[in-house]
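Examining the three-dimensional arrangement
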Amino acid sequence: MTIKLENISLRRGGVEFLGEVSLDIERGGFNILLGPTLSGKTTILRTMAGLEKPDSGRILENGRDVTNVPVQKRDVAMVYQQFINYPSMTVFENIASPLRVARTSRGDIERRVRDVAELLKIEDMLDRRPVALSGGQQQRVALARALVKRAGLVLLDEPLANLDYKLREELRNELPRLFEDSGSTVVYATAEPAEALMLGGRTATLHQGRITQFGVTHEVFRDPVDLTTARIFSDPPLNVADIVKRGGEFSIADTITWPAGDAHASLPDGGYRLGFRPHHLSLGRGDRHAINLEGTVEIAEISGSETFVHLDVGSHLWVSQSHGVHRLDVGQTVSVSVDPGRFILFAPDGGRIVEERGAHG
Amino acid sequence: MAEIRLDSIRHSYEDRPSSDADYALKHVDLTWNDGGAYALLGPSGCGKSTLLNIISGLLIPTEGDVLFDGRSVFHMAPGERNIAQVFQFPVVYDTMTVYRNLAFPLRNRGMDRGEIDRRVRETARMLGLEDSLDRRAAGLTADNKQKISLARGLVRSDVNVIMFDEPLTVIDPHLKWQLRAQLKKLHQRYSFTMIYVTHDQTEALTFADRIVVMHEGEVVQIGTSEDLFERPQHTFVGHFIGSPGMNLFPCEARDDGAWIDGRRIPLDSPPPVRPKGAVELGVRPEFIRFDNDGVAVEVRNVADIGRYRIVDALLGEHPFKIYCPEDMEIPSADPRVVFDPRHASIYVDGWRAEGDL
Amino acid sequence: MIQKTVNQKAWWLVTPVLVLVAFNAIIPLMTVVNYSVQETFGDNVFFWEGMRWYERVLHSSRFHEALMRQLMFTGQILVIEVPLGIIVALAMPRRGVWVSVCLVLMALPLLIPWNVVGAMWNIFALPDIGLLGRIINGLGFDYNFTRQPGAAWATVVLMDVWHWTSLVVLLAYAGLRSIPDAFYQAARIDGASAWQVFRYIQLPKMKHVLTIAILLRFMDSFMIYTEPFVLTGGGPGNTTTFLSIDLVKMALGQFDLGPAAAMSLIYFLIVLLISWIFYTLMMRHERQQ
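Residues numbered from 1 in each chain as written. Chains lettered and ligands numbered in written order. Predicted model: local features only at pLDDT ≥ 70, side-chain atom pairs only at ≥ 80, totals over all residues. Heavy atoms only, no water.

**Focus: the overall build of chain A**
Worth spelling out the cut-off: Secondary structure is summarised from DSSP: a helix means a run of H or I of at least four residues, a strand means a run of E of at least two, and numbering begins at the N terminus for each. Any residue under 20% of the maximum accessible area for its type is buried, any over 50% is exposed, and the rest in between are partly exposed; the area is computed with a 1.4 Å probe on protein chains only. Contact definition: two residues touch when any of their heavy atoms are within 4.5 Å. By the counting rule applied here, Lys and Arg register as positive and Asp and Glu as negative, while His and the ends of each chain are not counted. A charged residue contributes its charge at one atom only: NZ of Lys, CZ of Arg, CG of Asp or CD of Glu.
A count of helices and strands for chain A gives 9 helices and 20 strands. Principal-axis analysis of the C-alpha atoms gives chain A an extent of 75 × 45 × 40 Å. Burial statistics for chain A: of 361 residues in total, 53% are counted as buried. Within chain A, contacts between residues at least 6 apart in sequence are counted, and of these 66% link residues at least 24 apart. With 42 positive and 48 negative side-chain charges, chain A shows a separation of 7 Å between the mean positions of the two kinds.

**Thoughts on the pairing of strand E15 (residues 279-283) of chain B**
Residues and elements named next belong to chain B. As a reminder of what qualifies: Note: two strands are recorded as paired if DSSP finds a minimum of 2 bridges between them.
Of all 5 residues that make up E15, 4 are buried, and the element is covered over most of its length. Relative to E15, strand E11 (residues 247-250) runs antiparallel, the two sharing 4 bridges. Looking across to E15, one finds that Pro 250 is bridged to Glu 280. As paired strands, E15 and strand E21 (residues 345-348) are joined by 4 bridges and run antiparallel to one another. Within E21, the position partnered with Val 279 by the bridge is Val 348.

**Focus: the pairing of strand E12 (residues 249-252) of chain A**
Residue and element names in this part refer to chain A. Sheet analysis places strand E11 (residues 239-246) next to E12, joined by 3 bridges and oriented antiparallel. Across the sheet, Val 244 pairs through a bridge with Ser 251, a residue of E12. Connecting E11 to the next strand, E12, in antiparallel fashion are 2 residues, including Gly 247 with a positive phi near 65°. By the bridge criterion, 4 bridges tie E12 to strand E13 (residues 256-259) in an arrangement that is antiparallel. Within E13, the residue paired with Phe 250 across the bridge is Trp 258. The turn linking E12 back onto E13 is made up of 3 residues, and Ala 253 within it adopts a positive phi angle of 50°.

**Observations concerning a positive patch on the surface**
Quick note on the threshold: Nonpolar side chains (Val, Leu, Ile, Met, Phe, Trp, Tyr) are joined into patches within 5 Å and like charges within 9 Å, using only residues with over 30% relative accessible area and no salt bridge. Values of accessible area rely on a 1.4 Å probe in the Shrake-Rupley scheme; residue burial ignores everything except the protein chains shown. Definition used for salt bridges: Asp or Glu carboxyl oxygen within 4 Å of a side-chain nitrogen of Lys or Arg.
Taken together, the side chains of Arg 100, Arg 107 and Arg 113 of chain B together with Arg 199 of chain C present a region of like positive charge at the surface. Among the secondary structure elements, Arg 100 of chain B is positioned in helix H2 (residues 98-108). Assessed through its relative accessible area of 32%, Arg 100 of chain B is described here as partly exposed.

**Remarks on a negative patch on the surface**
Residue and element names in this part refer to chain A. Among the surface-exposed residues, Asp 115, Glu 118, Glu 123 and Asp 124 lie close enough to one another that they form a single negatively charged patch. With respect to the secondary-structure elements, Asp 124 resides in the loop between helix H3 (106-119) and helix H4 (135-148). On the accessibility criterion, Asp 124 (65% relative accessible area) is exposed.

**Observations regarding the sheet that holds strand E4 (residues 56-61) of chain A**
Residues and elements named next belong to chain A. Cut-off, in case you're wondering: Structural elements are reduced to axes, namely lines fitted to C-alpha atoms, with helices fitted over the stretch in contact, and the angle between N-to-C directions of any two is expressed from 0 to 180 degrees.
Read across the sheet, 4 strands follow the order E2-E1-E4-E5 without closing on themselves; strand pairing throughout is antiparallel. Across the chains shown, the open sheet's two edge strands, defined by having one partner strand only, are strand E2 (15-25) and strand E5 (64-65). Bridging between strand E1 (residues 3-12) and E4 involves 5 bridges; their strand directions are antiparallel. Bridge pairing links Ile 3 to Glu 61 in E4. Each of E1, E2 and E4 is contacted by helix H1 (residues 41-49), which is oriented at about 60° to E2, the strand it contacts most.

**Brief notes about the interface of chain C and chain B**
The criterion, for reference: In this description, buried area is defined as the sum, over both parts, of the accessible area (probe of 1.4 Å) that is lost when the two are combined. Definition of a polar contact: a pair of N or O atoms within 3.5 Å, with one able to donate and the other able to accept a hydrogen when the atoms are protein atoms, and with sequence-neighbouring residues admitted only if both atoms are side-chain atoms.
Contacts between the two partners involve 17 residues from chain C, matched on the other side by 25 residues from chain B. Note on chain C versus chain B: buried area summed over both sides is about 1800 Å², and carbon and sulfur give 58% of it. By the criterion of area lost to chain B, the three top residues of chain C are Ile 189, Asp 190 and Tyr 200 of chain C, representing 40% of everything that side buries. Our enumeration of links across chain C and chain B arrives at 2 salt bridges. Asp 190 of chain C is the partner of Arg 152 of chain B in a salt bridge, and the nearest nitrogen-oxygen pair spans 2.8 Å. Counting across the chain C and chain B interface gives 7 residue pairs in polar contact (both at pLDDT 80 or more).

**Notes on the sheet that holds strand E16 (residues 291-303) of chain A**
If you walk across this open sheet you meet the 5 strands as E15-E19-E16-E17-E18 (chain A), and the pairing is antiparallel. Of all strands in the sheet, those bounded by a partner on one side alone are strand E15 (281-283) and strand E18 (316-323) of chain A. Shown here is a sheet whose adjacent strand axes are inclined to one another by a mean of 45°, direction ignored. Pairing of strand E17 (residues 306-313) of chain A with E18 of chain A, which is carried by 8 bridges, proceeds in the antiparallel orientation. Looking across to E18 of chain A, one finds that His 310 of chain A is bridged to Val 319 of chain A. The strands touched by helix H5 (residues 173-190) of chain B within the sheet are E16 and E17 of chain A, with E16 of chain A carrying the most contacts at an inclination of about 80°.

**Things to note about the nonpolar core**
Test applied: To qualify as a nonpolar core, a set must consist of buried Ala, Val, Leu, Ile, Met, Phe, Trp, Tyr and Cys residues joined through side-chain atoms within 4.5 Å.
By size, the foremost hydrophobic cluster in this structure holds 78 residues, and its most contacted members are Leu 6 and Trp 32 of chain B. Per element, the largest residue contribution to this core is 9 residues, and it comes from helix H9 (residues 194-222) of chain C. Not counting residues within four places of it along the chain, the set of residues in contact with Trp 32 of chain B comprises Ala 2, Glu 3, Ile 4, Leu 6, Tyr 38, Leu 40, Ile 55, Ile 195 and Val 212 of chain B. Membership of the second largest hydrophobic core comes to 75 residues, among which are Leu 150, Ala 151, Ile 322 and Ala 353 of chain B.

**Some words on the interface of chain A and chain B**
Just so we agree on the cut-off: Classification convention: Asp, Glu, Lys, Arg as charged; Ala, Val, Leu, Ile, Met, Phe, Trp, Tyr, Cys, Pro as nonpolar; all other residues, Gly among them, as polar.
Taken together, the contacts link 36 residues of chain A with 34 residues of chain B. On the surface where chain A and chain B come into contact, there are 1 salt bridge. Between Arg 180 of chain B and Glu 301 of chain A there is a salt bridge, with its nearest N and O atoms 3.4 Å apart. Elements supplying a minimum of two residues to the side of chain A that touches chain B: helix H5 (165-182), helix H6 (193-199), helix H7 (217-222), E16, E17 and E18 of chain A. The element contributing the most residues to the side of chain A that touches chain B is E16 of chain A, with 6 residues. Of the residues belonging to the side of chain A that touches chain B, the class tally is 14 nonpolar, 11 polar and 11 charged.

**Regarding the packing of aromatic side chains**
Put simply, the rule is: Any pair of Phe, Tyr and Trp rings, taking the six-membered ring for Trp, is counted once the centres come within 6.5 Å. Such a pair is stacked with planes under 30 degrees apart, edge-to-face with planes over 60 apart, and tilted for the rest. Note on geometry: a ring has a charge over it if NZ (lysine) or CZ (arginine) is within 6 Å of the ring centre and within 35 degrees of the ring normal.
Overall, the coordinates contain 31 aromatic pairs over all chains when judged by the stated rule. When the centroid spacing of 6.3 Å and the interplanar angle of 65° are considered together, the rings of Phe 320 of chain B and Phe 339 of chain B count as edge-to-face. Remark: Phe 339 of chain B occurs in strand E20 (residues 336-339) and Phe 320 of chain B occurs in strand E19 (residues 318-325); sequence separation between them is 19 residues. With a relative accessible area of 3%, Phe 320 of chain B lands in the buried category. Overall, Phe 339 of chain B belongs to the buried group, its relative accessible area being 4%. Put simply, the rings of Phe 250, Trp 258, Tyr 272, Phe 276, Trp 318 and Phe 343 of chain A touch in pairs and so form one group of aromatic residues. The side chain of Arg 10 of chain B reaches across the aromatic face of Tyr 23 of chain B, ending 4.0 Å from its centre. In this arrangement the basic side chain of Arg 284 of chain B is found over the ring face of Phe 229 of chain B, its NZ or CZ atom lying 4.5 Å from the centre.

**What to know about the pattern of salt bridges**
Inspection of the entire model under this criterion finds 42 salt bridges over all chains. The closest approach of N and O atoms between Glu 252 of chain B and Arg 254 of chain B, which form a salt bridge, is 2.9 Å. The exposure class of Arg 254 of chain B is partly exposed, given its relative accessible area of 37%. Connected via shared salt-bridge partners are Lys 4, Glu 6, Arg 58 and Asp 65 of chain A.

Here it is in structure tokens:
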């Protein structure tokens, strides 16, 4: 189904949980809500499900106004972060429960439950109780219960957050395909940018109860509309600097300068903000286009095939992410470089300044 | 500081264990050197928390011995072993102020008040808690409470080892970075022996000098992060470390290399002669690149993760993944790949094999 | 954390209960208020008295004595039952088969009908044929609760402790069970003694349930009637005549409906006042946390 939120606002206990949220979601897509804890992801999901009634605004499913329709009458399934299953029922009964409520025939229930169980690789556990299963398996049962319903809308609230690292990877690989085949519209909440990028689809970035941007995931990543969006969509944290444009040059703290280039020549002089991703800050001196800087190493973290270096560059605390293993000592001075073409430019209020031409990422 | 040795440790939670399956720890022989930063890495249920509790004395092992500096501590209570442990969620004494929380272990050891004051303030400064010393511990945020837990361990000068049991579980993602870097800095400055238990490879690999990988109650490999990444000794290590994990292809080992479905893959080291058992070729997605002189493959899907892409490909009937950095091109027609021969290895029944068997 | 949905329609489900409560409690209460300001001999002839009954009750020495007795009793049993309950709860196992056994044993005294408890102890403490009575007298003490004020008081207190300590035990035990293992482990590593573990970990975590336990025990003991009445009838003399027993004597024994009604309202207000003070202190303490 298509689902549309129009200017939804929600206040509870004097705190604004959602402020003028509008979202237009197409049928059958994989949509991600990305934002830190308490940014409003769960509230939006609950509003879409009908568990919360907004103070103002409308919700439209397939064009129909369902703002006042209670959750039992809506065509929705939900999966939570805590593996929620009926503890006293077997796995089979758990998955069958929504079908029993809908009074599906016995033969149909049998067939559909087994099909979905096979899809989620839990067909051998149908007569066990959830408490006897591992965390990953319990979550698969919850997912099966959501899938078997063939609801028009499936809502997932950080379903992988309580799982082991590797289990998370496994399930994350399977999820898009699982729901694609079912034809449901999926809305998935997560706090991890990497997860959003791996799942693809479309992403809405959330900040303090408002949506900052909504679009194709890697477009939101590459073309953030403001500094807040760029920050939300960054792990490790985005490197930020305050810069000044004077004449045809940009400068950071008057010490490091580089020419403004054709793309930015027409901008007025003044203060701006700069963001660039850690993997664009490379160790060593760069080529002639690059800006070369000197920094002091705060700490170097090696992660198998990559090195994260936390640096102090002219009183800016930045992170550099480089491929390969680089052993650096605390306090050591290193050369780093960054290609100005990788800079993302923002106005002092955070709004994005779009370049006329040129590479950006 | 002490050297800690685990000698033939086996542990079962059952009263009368009958088979290996009843043992949470099947056989562990480990030595932790003085002042090192170690990680115990493994999935849930691999035995890492059990091992931690055996070292700290909270658990008495069914078999085997624990030695600090050559002396058995088997019969010593946790309070006597001079260890510090930071748990998954912050453990603070709610009714006390931060100061008294930190002073607590010292008062129990009968230290004099002036000395206690000095050590408490020094440790608080180390962790940035000096402004909160007079506040009640109950009112602080989760990451500050974890710092208090940590400080309670550091405040004792005679600490042999500090152990962390998945300490960043309740911490917000953007604070995890800071806390991790702080822990590492602490270790570099003070050289405590630190053992960090986690299932998160990034935490383990960034924190530790040497990582102990565990699987189903056994130690599978010990090494630096490069060792584990470049030369995994077991397919589990290959799978568990690296995101995505190592690719495995069932293959035939011949004199001139590994053969997968009739295609020859050249190797650096000579493959084992007549290996007994299931033979597989393991190579990480990072060590595969597109090259016109390579074997033909089929590209099924490209996932864009921002600074890199993961390509789902097929070699014959075998699916595998390729790691492509931002700047690497993916050929649209007739894709061919080459496996880096230095990083492609043969595994027999899961274990890495080289040369003659 | 999952939040519950707000649904006002649920209030409709409460209406039957409200009707029942109105019929059984509010209307009789209003009747009592009515009686407390009038004089009547029960034949529906009323004479307005105003506050006279209230003044009489509040100035009567009989009321003061009953109130003193009541306060002493409640104070004593709280001082005994709460620490005793905590000690027993600490001693109970936290894991294994014995947990269920202990829980059942603890629950048993609470399941016995109150008048049966009174009757049980009556026979149990009889100096000639009761087990307890015989033993105490056999040990050389001169014990007869039907005649000695001291013995009667002690027996009533003992009976209440036997009957109700289990409630404190069960509540305290529930509080203890909610403490995660990691706290005990950390305390072991810190080298804390058993007393320190109690003071810094167990007691703070139990504070919430203990407050509920104390409030419950206070309210129930302040209104106690059945058990002491069956055991001693209020005697010897009026040694164990607590407030409620005195009230019933006045209302049904002497048929002084007016003063009885006034006294019952005063009684009600005293309990309400102390409970409110208690509750406010509890809430303020929690908010400070």
